[in-house]
Amino acid sequence: MILRIDRLQTEMPPPSTPDPKGAAAVQELMGGKYGEMSTLMNYTFQSFNFRNRQGARPFYDLIANIAAEEYGHIELVGTTIATMLTGAELSDAKDDAGNFQHFIAGGKGVLPQDSQGKPWSGDYVTSTGDLIEDLVHNFFLETGARNNKLKVYQMVDHPAARALTGYLLVRGGVHQVAYARAVENLTGANLMKLFPSPRIPTDKIPECQPHIAKGEHLKLYRFSPKDYQEIVAVFNGPHPETGEDLQVVDRAPEGFPPHDLPEQEDVFAPSYAPEEIAEIAMKLRKAAGLPDEPMGEVASTGRFEKIKERMTS
């Protein structure tokens, strides 16, 4: 089971100038062969199929735990694409400047596709049941994923895309090191020395530097209240590039609330009359005996406050 905490793993910028063409490129990081859907589903199916879990811990713990983090990564990519499409005009999709389906099928939001609009495929999943084969595959999957993130970073200069790729380059590096350490413990082969790829100088990328300064390149978070505690037996020792000590953080990151993206009435998101939906929601809350203030925070609440003021005036 997945315990979902309604926070983004890193803070994202609010909508600014729309960039439909850039959003189409960022789709590769969602539904491409090396996108976040692929990393999520590879590790998820490997964890489903893992046999002799108790006997082969901590390797099961490592794969299952990283799968949980990848769920948060697809959320970040989705948030980025929706942010980049906020305020875009329908005409912006013309002349090969974007993806028509973002407007027609996605409500100016993310879709399970690559940068060419091709749907994500389960053929991208490798789950052989052989632990060493799967771990080696995972190392190279993270290698390809980081290469693609760097390419998108260079292609797209929108603030949301840069924030996304800066963060994921650092966190993908952690996963790459984790799988390399797992293979080294099983076989003695040091993948980081045998295949020093990709050569991505994350410390020179401005959007990576704040995360590195906080030690995010060294930390493997534990995404469960009680489980996956044995990952410390694999994820330890010096970082292969910096020599700093690897760390297991015994909790999930605190995270950040997402921005409440404004309605986009031209694509009926969430409706051609968003005020009506908001008023119905307010009435339902009152009828259920809920307090005037929202219970918890799933996003910024500026719009909620405006509606409440109008209904009570």
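The residue numbers shown here count from 1 along each chain, following its written sequence. With the structure being a predicted model, the display of local features is reserved for residues of pLDDT at least 70 and the display and counting of side-chain atom pairs for 80 or more, all residues being used for whole-chain, interface and lining totals. Side-chain measures here rest on the full set of heavy atoms in the structure, leaving out hydrogens and waters.

A tally of regular secondary structure across the chain gives 12 helices and 2 strands. Ordered by position from N to C terminus, the α and β elements of the chain give α-α-α-α-α-α-α-α-α-α-β-β-α-α. As defined in this context, the radius of gyration uses C-alpha atoms, and a globule is described by 2.2 Å times the residue total to the power 0.38. Relative to a compact globule of 313 residues, whose C-alpha radius of gyration would be 20 Å, the chain shows 21 Å and is just as compact. C-alpha atoms of the chain, sized along the principal axes, occupy 70 × 50 × 35 Å. Going along the chain from the N terminus, every DSSP run of H or I of four or more residues is numbered as a helix, and every run of E of two or more is numbered as a strand.

Over its 27 residues, helix H5 (residues 59-85) runs 40 Å from end to end, which matches the ideal 39 Å to within 8%, given 1.5 Å per residue. Under the scheme applied here, a residue whose accessible area is under 20% of the maximum for its type counts as buried, over 50% as exposed, and between as partly exposed, the area being computed with a 1.4 Å probe on protein chains only. In terms of residue burial, H5 counts as a mostly covered element, since 25 of its 27 residues are buried. Just downstream of H5 lies Gly-87, where phi reads positive at about 85°. A helix is expected to span 1.5 Å multiplied by its residue count minus one.

On to helix H7 (residues 131-155), then. End to end, H7 covers 36 Å across 25 residues, agreeing with the expected 36 Å (1.5 Å per residue, within 8%). Here a polar contact is recorded for every N or O atom pair within 3.5 Å, except that within protein the pair must consist of a potential hydrogen donor and a potential acceptor, and residues adjacent in sequence are included only if both atoms are side-chain atoms. The N-terminus of H7 is capped by Asp-130, whose side-chain oxygen sits 3.2 Å from the backbone nitrogen of Ile-132.

Here we come to the pattern of salt bridges. Any Lys or Arg side-chain nitrogen found within 4 Å of a carboxyl oxygen on Asp or Glu counts as a salt bridge. In total, this model carries 10 salt bridges according to the counting rule given. A salt bridge links Arg-171 to Glu-216; the shortest N-O distance between them is 3.8 Å. Remark: Glu-216 occurs in the loop between helix H10 (209-213) and strand S1 (219-221) and Arg-171 occurs in helix H8 (residues 159-187); sequence separation between them is 45 residues. Close ionic contact of Asp-250 with Arg-222 constitutes a salt bridge, the shortest N to O distance being 2.4 Å.

Turning our attention to the packing of helix H3 (residues 36-49) against H5. Lines fitted to the C-alpha atoms define the axes, with helices restricted to the stretch that makes contact. Angles between their N-to-C directions range from 0 to 180 degrees. It is at 8 Å that the axes of H3 and H5 come closest, and there the two elements cross at 150°. Accordingly, the angle class assigned to the pair H3 and H5 is roughly antiparallel. In this structure, the crossing between H3 and H5 has a hand that is left-handed. Judged by residue contacts, Glu-36, Met-37, Thr-39, Leu-40, Tyr-43, Thr-44, Gln-46 and Ser-47 of H3 engage Tyr-60, Ile-63, Ala-64, Ile-66, Ala-67, Glu-70, Tyr-71, His-73, Ile-74 and Val-77 from H5. Throughout this description, any angle smaller than 35 degrees is read as roughly parallel, any larger than 145 degrees as roughly antiparallel, any in the 65 to 115 degree range as roughly perpendicular, and the remainder as oblique. Helix crossings are classified by the rotation of the near helix relative to the far one: an anticlockwise turn of less than a right angle makes the crossing left-handed, while a clockwise turn makes it right-handed. Working rule for contacts: check all heavy atoms of both residues, and any pair within 4.5 Å makes them a contact.

Each pair of aromatic rings taken from Phe, Tyr and Trp, with Trp reduced to its six-membered ring, is defined by centres within 6.5 Å and is described as stacked if the planes are under 30 degrees apart, edge-to-face if over 60, and tilted in the remaining cases. As enumerated under the stated definition, the model contains 7 aromatic pairs in all. Measuring from ring centre to ring centre gives 5.1 Å for Tyr-43 and Tyr-179, while their planes differ by 55°; the resulting arrangement is tilted. Here the residue Tyr-43 occupies a position in helix H3, and Tyr-179 occupies one in helix H8, the gap between them amounting to 136 residues. Ring centres of Phe-140 and Phe-195 lie 5.2 Å apart, and the angle between their planes is 75°; this geometry places the pair in the edge-to-face category. Residue Phe-140 is found in helix H7, and its partner Phe-195 is found in the loop between helix H9 (191-194) and H10; the two are separated by 55 residues along the sequence. Residue classification places Phe-140 among the partly exposed positions, given a relative accessible area of 33%.

Exposure above 30% relative accessible area and no salt bridge define the residues that can form patches, which grow by joining like charges within 9 Å and nonpolar side chains of Val, Leu, Ile, Met, Phe, Trp and Tyr within 5 Å. Using a 1.4 Å probe, the Shrake-Rupley method yields the accessible areas, and only the shown protein chains count as cover for residues. Taken together, the side chains of Phe-140, Leu-194 and Phe-195 present a nonpolar region at the surface, about 280 Å² in accessible area. With respect to the helices and strands, the residue Leu-194 is situated in helix H9.

This paragraph deals with unusual backbone geometry. Of the consecutive residues Arg-57 and Pro-58, the connecting peptide bond is found in the cis state with omega at 15°. The omega torsion across Ala-269 and Pro-270 is 5°, close enough to zero to call that bond cis. One can find Pro-270 in the loop between strand S2 (247-249) and helix H11 (274-287). One non-glycine residue, Asn-52, lies in positive phi territory at about 60°. Within the secondary structure layout, Asn-52 lies in the loop between H3 and helix H4 (53-56). With relative accessibility at 57%, the residue Asn-52 sits in the exposed group.

Moving on to the side chain of His-102. Relative to the helices and strands, His-102 resides in helix H6 (residues 100-104). Of the residues examined, His-102 reaches a relative accessible area of 0% and is grouped as buried. When sequence neighbours within four positions are dropped, the list of residues in contact with His-102 reads Ala-23, Ala-24, Gln-27, Ile-81, Leu-85, Gly-107, Lys-108, Gly-109 and Leu-111.

By the element assignment, Trp-120 lies in the loop between H6 and H7. Along the backbone, Trp-120 and Ile-277 are 157 residues apart, and their C-alpha atoms lie at a distance of 32 Å. Sequence-distant contacts of Trp-120, defined by excluding residues within four places in its chain, comprise Gly-31, Gly-32, Met-37, Ser-38, Met-41, Pro-112, Gln-113 and Val-125. Here Ser-38 takes part through its side chain, which lies 2.9 Å from a polar atom of the side chain of Trp-120.

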